[in-house]
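Here is how the chains run, residue by residue.
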Amino acid sequence: MVNEAGIRDFLINNLDMIEPDLKFIEKEFSLKNNLGAGGRIDILAKDQFGMFVIIEIKKSDKIAREALHELQKYIALFKHEYGLAANKCRCILLSTEWHELLVPFSEFSRIVDYQIDGYQLILDEQGIPIGKKDVNLTLEGEEKLIFPLHKIFWFRTVSKRDIVIQKLVDILMELEIINYYILIVNYKGNYQGVIYPHVIYLVFDVFTTSEKKKIQKNMNIRCDGIDHFDDTDPQPELEEEALFEITNRLRSWIDDTELSTSVKLQNMISNGWHISEIRTNNKYVNSLISDQEILEKILGFNVSNYMNFISVITPRIKPIWESNFRKLHDFLYGKILWQIGTKYFLQKVESISIESTITLKVYSGSDILYGLYNYFGRGIRYLPSLEIIAKIPGNTNKNLMLLGFLEWDGRTFPTISSVFNNEKPSRVFGNQQLLFQLREEAFYQMEGILMKKHGLGYSLFEVTIEQNIQPVIRRLAIEEDDTIHLLPITDEVGFSLRDFLINNRSYVYNLCDIISSCSHFGSQ
């Protein structure tokens, strides 16, 4: 099977397959970014009208909204670097699959101010491109979302679980729940204390209006003669009631059960749990979407996910703008600087031009102890990060960026005893994970205490990129009355997590050893 790089190299020698008279300039064209990640354009070309053409290739295992965020960043950096107006460059997005990409791409193409075309690549049996076809944009409002609450059924034995799988499918059919995902999961880690190593993990799509009417009737839910399922008064809690109903019907067959979220599932996968199979009743999903894509959808890049917030918005479309504004504010609860800073930034962009296009990519993380363990001990970045790019229309090709990450104060040196206060570490870890999943206020209080004990805090930087002008980088600072100040910075941004590691090696190694041995993390 040819990989993404192989497809790219083939297309370089066959640019006419994409568009006649394209002239190749460079592959993996490097883009610089003075603060934050730069990027590389897959193929840079020029068309017959003298316009630069940024060609990006995405395989089916890419997260759709994240791919569009990267594309927005590439064109902003490219236009700044070479002083180009919007009518001097355009984009072509090529993908082998479009079932997850189509809706966000359609939304994206409606609000950007430059030409962007999408095509589906057709591959032969060896994975070689043999042609392309146009992508028909969707109408607004067609996107299906995963319901954020899931259900875990725990089992001691495979044989018992296999019996329940069929019973579960029968119940789903009886209730007429069509869009579901059954994940067959087994523990493959090293911890010997896992009591229930075999799992059925159940996920729904959010029910449509027509589905709700059927499911409500099949569950015999009374509404006192009132139809609650019209477009103006949806009842998303019906999905949770369905999970409860299914659990009651299976209760005598299962060993244990609990509610879950994408956070819990991600933690399980990171700690020794393996998904051996994904079953669904949706024929479209079965035939066109891989298990990996289903998993990415469940782990999520929609705003219902507790850890990721990825979106493309414009102030021009008020309902979407105001909805995302509120959801982002709620998503950043507990991160005061980011919460107030993003509000300031988005209002600033709106005041400059309601025609602006903004891409948001925010990762909230779970808790700081788990994040540090994964970052230092396993090389996985589960720490909070924020990147917002605003394209301001006009002749100057102005772009504003808001970048956020964790910084160390350079003077706090934690120890195991100072962090845990002689409490049992597994108890602290367990409490934090439980409080996070329940979104309890106590979680944010404890998280603030733990952050302070490590000398870690949230930072925000605003970057202004304008044609033929050196980028301006300023730090956002907040006063007690929530007033935002923009402060100039030197070449030194601050103390990074690398600095934290260098100066706290002994503590980091002890922390990772303790967490890796805790049953709480071994069983997730």
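Let us look at the structure shown here. Since we're looking at a predicted model, the values are computed, not measured.

So, how was this worked out
- Every residue gets a number counted from 1 within its own chain, in the order that chain's sequence is written.
- Selection of residues for local features in this predicted model requires a pLDDT of at least 70, selection of side-chain atom pairs for listing and counting requires 80 or more, and totals for whole chains, interfaces and linings are taken over all residues.
- Values reported for side chains reflect all heavy atoms of the structure, with hydrogen atoms and water molecules removed beforehand.
- Strands here mean DSSP runs of E at least two residues long; helices mean DSSP runs of H or I at least four residues long; both are numbered from the N terminus.
- Burial classification: accessible surface area is computed with a 1.4 Å probe over protein chains only, and a residue below 20% of its type maximum counts as buried, one above 50% as exposed, and the rest as partly exposed.
- For the area figures, the Shrake-Rupley method with a 1.4 Å probe applies, and any residue is considered shielded solely by the protein chains shown.
- When two rings of Phe, Tyr or Trp (its six-membered ring) have centres within 6.5 Å they constitute a pair, described as stacked for plane angles under 30 degrees, edge-to-face for angles over 60, and tilted for the intermediate range.
- Charge-over-ring placement is defined geometrically: NZ (Lys) or CZ (Arg) within 6 Å of the ring centre, and within 35 degrees of the ring normal.
- Contacts described as polar in this section are N or O atom pairs within 3.5 Å, which, within protein, must combine one atom able to donate a hydrogen with one able to accept it, while residues neighboring in sequence count only if both atoms come from side chains.
- How far a helix is expected to stretch is found by multiplying one less than its residue total by 1.5 Å.
- Taken from the helix axis, the directions to the C-beta atoms give the arc we talk about.
- When charges are counted, Lys and Arg are positive and Asp and Glu negative, with His and the chain ends excluded.
- Between Lys or Arg on one side and Asp or Glu on the other, a salt bridge is scored when a side-chain nitrogen of the former is within 4 Å of a carboxyl oxygen of the latter.
- Residues count as neighbours in contact if any of their non-hydrogen atoms are within 4.5 Å of one another.
- For two strands to be treated as a pair, DSSP must find at least two bridges joining them.
- Where helices are involved, their axes are fitted lines through C-alpha atoms of the stretch in contact, as for all axes, and angles between N-to-C directions lie from 0 to 180°.
- Patch membership needs two things, relative accessible area over 30% and no salt bridge, and members are linked within 9 Å if like-charged or within 5 Å if nonpolar (Val, Leu, Ile, Met, Phe, Trp, Tyr).
- Every charge is mapped onto a representative atom, which is NZ of Lys, CZ of Arg, CG of Asp or CD of Glu.
- The definition used for a disulfide is geometric: two cysteine sulfur atoms within 2.5 Å.
- Note: crossing handedness is left-handed where the near helix turns anticlockwise from the far helix by less than a right angle, and right-handed where it turns clockwise.
- Under the grouping applied here, Gly and all other residues not named as nonpolar or charged are polar, the nonpolar ones being Ala, Val, Leu, Ile, Met, Phe, Trp, Tyr, Cys and Pro and the charged ones Asp, Glu, Lys and Arg.

Moving on, we get to the overall build of the protein chain. The number of helices and strands found in the protein chain is 18 helices and 18 strands. By residue count, 52% of the 524 residues in the protein chain fall in the buried class. Element-wise, carbon and sulfur atoms account for 49% of the exposed surface of the protein chain, whose accessible area totals about 24,100 Å².

What follows covers the packing of aromatic side chains. Applying the stated criterion across every chain yields a total of 15 aromatic pairs. Ring plane angle 75° and centroid distance 5.9 Å describe the contact between Phe29 and Phe78, whose orientation is recorded as edge-to-face. Taken together, the residues Phe29 in strand β1 (residues 23-31) and Phe78 in helix α2 (residues 64-82) connect sequence positions 49 residues apart. Taken as a pair, Phe29 and Phe78 share a single burial class, namely buried. With centroids separated by 5.1 Å and ring planes inclined at 55°, the aromatic side chains of Tyr187 and Trp273 adopt a geometry described as tilted. With Tyr187 in strand β8 (residues 180-187) and Trp273 in strand β11 (residues 273-279), this residue pair connects regions lying 86 residues apart in the sequence. Residue classification places Tyr187 among the buried positions, given a relative accessible area of 13%. For Trp273, a relative accessible area of 4% puts it in the buried group. Members of the aromatic cluster, connected to one another through ring pairs, are Tyr375, Phe376, Trp408, Phe413, Phe495 and Phe500. Here the guanidinium or amino end of Lys132 rests over the ring plane of Tyr119, the centre of that ring lying 4.5 Å away.

Relative to the elements of secondary structure, Asn504 occurs in the loop between α16 (497-503) and α17 (505-517). Here the side chain of Asn504 touches Phe500 through a polar contact of 2.9 Å, landing on its backbone oxygen.

On to helix α15 (residues 441-454), then. The terminal C-alpha atoms of α15 lie 21 Å apart, and with 14 residues this matches the ideal 20 Å at 1.5 Å per residue to within 8%. If you check which residues of α15 are buried, you get Phe443, Tyr444, Glu447, Leu450, Met451 and His454. Summarising the axial view, the buried residues of α15 lie within an arc of 125°, below the 170-degree limit, and thus occupy one face. A positive backbone phi angle near 70° is found at Gly455, which sits one or two residues after α15.

Note on placement: Arg161 falls in helix α4 (residues 158-175). Buried and unpaired, Arg161 has Asp162 as its nearest opposite-charge partner, separated by 4.3 Å. In this structure Arg161 touches Phe155, Ile184, Val185, Asn186, His198, Val199 and Ile200, once residues within four positions along its chain are discounted.

The subject of this paragraph is helix α5 (residues 209-218). Listed in full, the buried residues belonging to α5 are Glu211, Lys212, Ile215 and Gln216. Summarising the axial view, the buried residues of α5 lie within an arc of 130°, below the 170-degree limit, and thus occupy one face. In this structure, the buried side of α5 is in contact with α4 and α6 (237-250). Of the residues one or two after α5, Asn220 is the one with positive phi, at around 60°.

This part covers the pairing of strand β13 (residues 357-363). For β13, the buried fraction is high: six of the seven residues fall into the buried class. Bridge count between strand β12 (residues 308-313) and β13: six bridges; the pairing is antiparallel. Counted as the bridge partner of Val312 is Thr359 from β13. Bridge count for β13 against strand β14 (residues 385-391) is seven bridges, and the pairing is antiparallel. When the sheet's bridge partners are listed, Lys361 is paired in β14 with Glu387.

A few words now on the sheet that holds strand β3 (residues 52-58). Ordered in space as β1-β2-β3-β4-β5-β6, the six strands form an open sheet in which the pairing is mixed. Of all strands in the sheet, those bounded by a partner on one side alone are β1 and β6 (129-134). Across the sheet, the axes of successive neighbouring strands diverge by a mean angle of 30°, strand direction being ignored. Alignment of strand β5 (residues 116-123) against β6, held across five bridges, turns out to be antiparallel. Bridge assignment links Ile122 to a residue of β6, and that residue is Gly131. Across the sheet, helix α3 (residues 102-111) lies against β4 (89-95) and β5, angled at about 150° from β5, the strand it touches most.

In this section: a negative patch on the surface. A surface patch of like charges, here negative, comprises Glu479, Glu480, Asp481 and Asp482. Inspection of the secondary structure assignment puts Asp481 in the loop between β17 (469-478) and β18 (484-488). On the basis of relative accessible area, Asp481 is assigned to the exposed category, the value being 56%.

On to the state of the cysteines. Scanning the model with the defined rule gives zero disulfides in all. In this structure Cys89 is not part of a disulfide, and its nearest cysteine sulfur, from Cys91, lies 6.8 Å away.

Viewed as axis vectors pointing N to C, α5 and α6 meet at an angle of 35°, and their least axial separation amounts to 11 Å. As for how α5 packs across α6, the hand of that crossing is left-handed. Between α5 and α6, the contacting residues are Lys212, Ile215, Gln216 and Asn218 on the first element and Leu238, Glu239 and Arg249 on the second. Across the contact of α5 with α6, the residue classes break down as two nonpolar, two polar and three charged.

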